[in-house]
Amino acid sequence: MAQLEAGDLAQAVIDRMADAPNPRFKQVMAALVQHAHAFVREVELTPQEWMTAIEFLTATGKMCDEKRQEFILLSDTLGISMLVVAVEQIKGARAVQAQVAAGAQPPTEATVQGPFYWEGSPELGLGSDIGEGAPGEPAYYSGRVTDTAGTPIANCCLDVWSGDGDGIYDMQMGEKAGMRLRARFHSDALGKYRFWSIKPTFYPVPDDGPVGDMLRAMGRHPNRPGHIHMMVYAPGYQRLTTHLFVSDSPYLDSDAVFGVRNSLIVDYAWHPAGTAPDGRTMEKAYYTAAYDFKLMPAA
Ligand code: BEZ
Ligand code: FE
């Protein structure tokens, strides 16, 4: 049997997949093998370095449980989660390119979901306050949900969540803490939404595990700029998972998970105590943040 040399190994592995029943799986695995082998050859990876990598991945797996997903955090901090989101968005944007060329507006950009989404948050009426009692300065959020042609989407769900004014999510507050700073709202007949929460602040991604060690070895900080998460969905439209970023937040230029899109940066306008846009009497200063969402039609 002919001996395989280093340069032939990738092709040999790929050839062994000739009978793989799923063509997409075969395509993805062939590219993965090709790139992984090229990487090992490019950096001339030593056996000790490969063992360090295996130990790192083992520690990453051991850190995972139903509350903590260290592999997703690894994917996030290496920019892969955001790349996957961007590739999907580019495919979607291609589908509506003709409408955008004819004057339709581009759809709202997506970004990473992150680890703090909690399904089943309370359904609240428009105008409700989900920030009451939590640390942070009050902020009034409002806007409209439309399709890319500007037609309002009524009864569209906006599932929102954020950390508090100290950068802490409810899920980080221990076993007994329930949901906080999250809710589902539904747009009205004109596609409009409004609710009160807080102005979010920057915070670090969990950095007490192997990914934190990796960030330190890379000379990187673990911080994300202030943002509120939104999942926006209605029947007949593609589900949008995105954030609104606070325009005066630190780390907009160096988000630890590379999630910032310029189109998602929002000015939080400061207002002194007084009457808020919804008629509410505010005894302390507050912010307003306005943003319109544009959804793509379902494929
Ligand atoms: C977040 O937005 O909360 C988040 C996103 C990715 C990794 C860690 C945290
Ligand atoms: Fe977040």
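About the cut-offs
Residues numbered from 1 in each chain as written. Chains lettered and ligands numbered in written order. Predicted model: local features only at pLDDT ≥ 70, side-chain atom pairs only at ≥ 80, totals over all residues. Heavy atoms only, no water. Near = heavy atom within 4 Å. Polar contact = N/O pair within 3.5 Å; in protein donor to acceptor, adjacent residues only side chain to side chain. Areas by Shrake-Rupley, 256 points an atom, 1.4 Å probe, with all protein chains shown as cover. 1 Å grid on protein atoms, 1.4 Å probe; cavity = no way out; pocket = protein on both sides within 12 Å on 5 of 7 lines; lining within 4 Å. Sits in = over half its atoms within 2 Å of the grid points. Helix = DSSP H or I, 4+ residues; strand = E, 2+ residues; numbered from the N terminus. Nonpolar A, V, L, I, M, F, W, Y, C, P; charged D, E, K, R; others polar. Salt bridge = Lys/Arg side-chain N within 4 Å of Asp/Glu carboxyl O. Buried < 20%, exposed > 50% of the residue type's maximum accessible area, 1.4 Å probe, protein only. Donors = N, O, S within 2.8 Å, 3.2 Å for Na, K, Ca; no water. Axes fitted to C-alpha atoms, helices over the stretch in contact; angles between N-to-C directions. Parallel < 35°, antiparallel > 145°, perpendicular 65-115°, else oblique. Contact = heavy atoms within 4.5 Å. Domains from an automatic or database assignment. Pairing = 2+ DSSP bridges. Expected span 1.5 Å × (residues − 1). Arc of directions from axis to C-beta.

*Asks:* Explain the site of ligand 1 residue by residue, including any values.
*Replies:* Taken together, L73, D76, G114, P115, F116, Y169, Y203, V205, R224, H227, H229 and V257 make up the full set of residues adjacent to ligand 1. Here an oxygen atom of ligand 1 sits 3.4 Å away from a polar atom, N or O, in the side chain of Y169. R224 places a polar side-chain atom, nitrogen or oxygen, 2.6 Å from an oxygen atom of ligand 1. In the complex, 100% of the free accessible area of ligand 1, which totals 260 Å², lies under the protein chains. Of all the cavities here, the one that holds ligand 1 is the largest cavity. The set of elements that each furnish at least two residues to the shell around ligand 1 consists of α4 (70-77) and β7 (227-233). Its residues placed into classes, the shell around ligand 1 shows seven nonpolar, three polar and two charged.

*Asks:* Describe the pattern of salt bridges, naming the residues involved and giving the relevant values.
*Replies:* This structure, assessed with the given rule, holds 12 salt bridges. In this structure, E123 engages R184 in a salt bridge whose closest nitrogen and oxygen atoms are separated by 3.6 Å. One end of the pair, E123, is in the loop between α6 (97-101) and β1 (138-147); the other, R184, is in strand β3 (residues 182-186), and 61 residues separate them in sequence. Taking the relative accessible area as the measure of exposure, E123 reaches 51% and is therefore exposed. Connected via shared salt-bridge partners are R68, E70 and D208.

*Asks:* Break down the coordination of the iron ion (ligand 2) for me, citing the residues and quoting the values.
*Replies:* Four donors placed tetrahedrally around a metal ideally meet at 109.5 degrees, and six donors placed octahedrally ideally meet at 90 or 180 degrees. The protein atoms donating to the iron ion (ligand 2) are Y169 (OH), Y203 (OH), H227 (NE2) and H229 (NE2), with metal-donor distances spanning 1.9 to 2.1 Å. Spacing between the donor residues of the iron ion (ligand 2) along the chain follows Y-x33-Y-x23-H-x1-H. Taken together, the positions of Y203 in strand β5 (residues 203-204) and H227 in strand β7 put the pair 24 residues apart, joining distant regions of the chain. The buried category is assigned to H227, whose relative accessible area is 1%.

*Asks:* Tell me about the packing of helix α3 (residues 47-62) against α4, residues and numbers included.
*Replies:* When two helices pack together, their arrangement is given by the angle between the helix axes and by the axis-to-axis distance. Orientation of α3 relative to α4, taken along the N-to-C sense of each, is 125°, at an axis distance of 7 Å. Classified by the angle their axes make, α3 and α4 are oblique. Of the residues in α4, those in contact with F56, L57, T60 and G61 of α3 are E70, F71 and L74. Taken together, the residues that form the contact of α3 with α4 break down as four nonpolar, two polar and one charged.

*Asks:* Report on the domain arrangement of the protein, specifying residues and quantitative values.
*Replies:* How big an interface is tends to be expressed through the accessible area that disappears when the partners come together. Taken as a whole, the protein is organised into domain 1 (1-45) and domain 2 (70-295). A straight line from the C-alpha centre of domain 1 to that of domain 2 covers 40 Å.

*Asks:* Just give me the short version of the side chain of Q89, but keep the residues and values in it.
*Replies:* Among the structural elements, Q89 can be located in helix α5 (residues 80-95). Here the side chain of Q89 touches A110 through a polar contact of 2.7 Å, landing on its backbone nitrogen.

*Asks:* Tell me about unusual backbone geometry, residues and numbers included.
*Replies:* Phi at E44 takes a positive value of approximately 50°, unusual for a residue other than glycine. The topology assignment puts E44 in the loop between α2 (23-43) and α3. Of note in this structure, Y251 is not a glycine but carries a positive phi near 75°. Locating Y251 in the fold gives a position in the loop between β8 (240-246) and β9 (265-266).

*Asks:* Kindly report on the sheet that holds β7, identifying the contributing residues and their values.
*Replies:* Strand-to-strand pairing in sheets goes through backbone hydrogen bonds, with the strands running parallel or antiparallel. Across the sheet, five strands lie side by side as β3-β2-β7-β8-β9; this open sheet has mixed pairing. Across the chains shown, the open sheet's two edge strands, defined by having one partner strand only, are β3 and β9.

*Asks:* Tell me what's going on with α5, and back it up with residues and numbers.
*Replies:* An ideal rise of 1.5 Å per residue puts 22 Å on 16 residues; α5 measures up with 23 Å between its terminal C-alpha atoms. Among the residues making up α5, those that are buried are S81, M82, V85, Q89 and G92. Considered in projection along α5, the buried side chains sweep an arc of 85° and stay on one side of the axis. Residues of α5 that are exposed and angled more than 90 degrees away from the buried face: L83, V84 and R94.

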